[in-house]
Amino acid sequence: MKAISSLAREEVKNLKPCVHGGRVWDIINITGLRREEILDFSANLNPFGPPQTAIESIKRGLNQILIYPDSNSTTLRQTITQSYDEINKDNVIIGNGSTELIHLFAEVFLEKGDIAIILAPSFGEYENAVRKRGGRPKFINLSQDFNVEPAPILHNISGAKVVFLCNPNNPTSILMPRDSLIEIVERTSEDDILVFLDEAFIEFVDKKKSYSLIDEVNKYPNLFVLRSFTKIYGLTGLRVGYGIAQREIIDLLFKVKLSWNVNCIAQVAAIAALNDEKYLRKTERLINTEKAFMLQELKRIKGFKIFPADANFVFLDVRRSGFTAPQLKKEMLRYGIIIRDCSSFTGLDEYYIRVAIRTRSENERLMEALNKVMRIKGFDTT
Ligand SMILES: Cc1ncc(COP(=O)(O)O)c(C=O)c1O
């Protein structure tokens, strides 16, 4: 028989796995460190972990394991709509993590050769989803300050099928103003181009409501907005995310989604988390205070250039430190700390890192280790 790989689809053969932060299990396997010895700043998650209300609902929900979960996640979809005036459950789809919805979207809308606009740098899973369908990513390099401007995007949209946007952007933590987003959604709708707007981190942003486009989906049939329970609610290991759009898009996604894609525990936990307003306020206070602390401390390290942080993570250019990002990551691991080396992002060289905002004692541990590492290169960090 000929090589099995020759029987695979061409686009699958050439597919490379997407690199992510938060690879705690890999680090455990490589270094032999124990879970409790590792402090992960490479994934941007709520440092409180899941709300206690979600944990309680998980315990109560365990008796649901003996039956199939609701394949349509109906109660969760209804609960999501409670925060919005103009959408109902038919405008919502739940995914096994928001990543599933990125791939479902590509599966529904992209055919071989279709062009998808992707910002560089941005979240890597868009490229992977596009390539898996045989689509062609067209990267738009962001300017030096990493602000996202509509002009270069609109200049390149001719012939594209979909534009992937991420607000605030990962890995830069920079927000796009609402006016700029609306300009892109309007212009693309005139040309029958879809906009996939990833708001996975928007709940960490001050005045998030004024930046989100969820309230605009009824106006724009080409707009799909993505959200996640991974980041703000810390339901990371349960895998649950959602998308909001007009019914036509949602119905198409439902056609291709796997049956029972979201397990029963993830559904009950997400419902409880959504109802926990107190937890959100507590998180908001922590992130605001700790972001100010981290920015102030990081600024004292002369070898780093710090970009404005709109989300719960900070993006840094470390080239003046004398370290590359992979070297810095390796040095930090000696202290049990994982930072995100951003070399894998299209559009970045090997000199960018990203760190999450965590609790005060954890942030202090990060800063202490960073200061020690920088002293190797002769930086005075006192
Ligand atoms: C911008 C962005 N969107 C979506 C995701 C996917 O998150 P999840 O599948 O856990 O919901 C991530 C994860 O890192 C992300 O950074």
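Residues numbered from 1 in each chain as written. Predicted model: local features only at pLDDT ≥ 70, side-chain atom pairs only at ≥ 80, totals over all residues. Heavy atoms only, no water.

S.K.: Break down the pattern of salt bridges for me, with residues and values.
M.R.: If you walk through the whole model with that rule in mind, you get 24 salt bridges. Among the salt bridges present, the one from Arg34 reaches Glu37, with a minimum N-O distance of 3.2 Å. Here the salt bridges share partners, and the residues they tie into one network are Lys89, Asp90, Arg247 and Asp251. (Salt bridge = Lys/Arg side-chain N within 4 Å of Asp/Glu carboxyl O.)

S.K.: Can you lay out a nonpolar patch on the surface for me, pointing to particular residues and giving the numbers?
M.R.: On the surface, a cluster of nonpolar side chains totalling about 400 Å² of accessible area is made up of Met1, Ile4 and Leu7. Along the chain, Ile4 falls in the segment before α1 (10-13). Note on Ile4: relative accessible area 58%, which makes it exposed. (Patch = residues over 30% accessible without salt bridge, like charges linked within 9 Å, V, L, I, M, F, W, Y side chains within 5 Å. Areas by Shrake-Rupley, 256 points an atom, 1.4 Å probe, with all protein chains shown as cover. Helix = DSSP H or I, 4+ residues; strand = E, 2+ residues; numbered from the N terminus. Buried < 20%, exposed > 50% of the residue type's maximum accessible area, 1.4 Å probe, protein only.)

S.K.: An account of the site of the ligand is needed here, citing residue identities and associated values.
M.R.: Neighbouring the ligand are 13 residues; Thr99, Asp198, Ser228, Thr230 and Lys231 lie closest to it. Within the side chain of Thr99, one N or O atom sits 2.6 Å away from an oxygen atom of the ligand. Side-chain polar atom of Thr230 to an oxygen atom of the ligand: 2.6 Å apart, as the coordinates give it. Bound to the protein, the ligand loses 92% of the 400 Å² it would expose on its own. Of the residues assigned to the shell around the ligand, the class counts are four nonpolar, six polar and three charged. (Near = heavy atom within 4 Å. Polar contact = N/O pair within 3.5 Å; in protein donor to acceptor, adjacent residues only side chain to side chain. Nonpolar A, V, L, I, M, F, W, Y, C, P; charged D, E, K, R; others polar.)

S.K.: Account for the environment of Ile153, naming residues and giving values.
M.R.: Residue position: Ile153 is located in helix α7 (residues 150-155). Looking at Ile153, the relative accessible area reads 1%, which means it is buried. When the C-alpha atoms of Ile153 and Gly241 are compared, they prove to be 27 Å apart, with 88 residues separating the residues in sequence. Once residues within four sequence positions are removed from consideration, Ile153 is found in contact with Ile117, Leu119, Val148, Val163, Leu165 and Ile184. (Contact = heavy atoms within 4.5 Å.)

S.K.: Please give an account of a negative patch on the surface that cites residues and values.
M.R.: A cluster of acidic residues, Asp179, Glu183, Glu186, Glu190, Asp191 and Asp192, forms a negative patch at the surface. Mapped onto the secondary structure, Asp192 falls in the loop between α8 (178-190) and β6 (194-198). (Lys, Arg positive; Asp, Glu negative; His and termini not counted. Charge placed at Lys NZ, Arg CZ, Asp CG, Glu CD.)

S.K.: So what's going on with the sheet that holds strand β13 (residues 352-356)? Which residues, and what values?
M.R.: In spatial order, the strands read β9-β10-β13-β12; together these four strands make up an open sheet with antiparallel pairing. One side of each edge strand has no neighbouring strand; the edge strands of this open sheet are β9 (305-306) and β12 (340-341). Pairing of strand β10 (residues 313-317) with β13 involves five bridges; the strand directions are antiparallel. Considered in β13, the bridge of Phe315 is made with Arg354. (Pairing = 2+ DSSP bridges.)

S.K.: How would you explain helix α2 (residues 24-31) if you had to name every residue and give the values?
M.R.: Looking only at α2, the buried set comprises Val24, Ile27 and Ile28. The buried side chains of α2 occupy one side of the element, clustering within an arc of 100 degrees when seen end-on. Counted as exposed and oriented over 90 degrees from the buried face of α2: Trp25, Asn29 and Ile30. Lining the buried residues of α2 we find β1 (39-40), α13 (325-333) and β11 (337-338). Two residues or fewer after α2 comes Gly32, characterised by a positive phi angle close to 80 degrees. (Arc of directions from axis to C-beta.)

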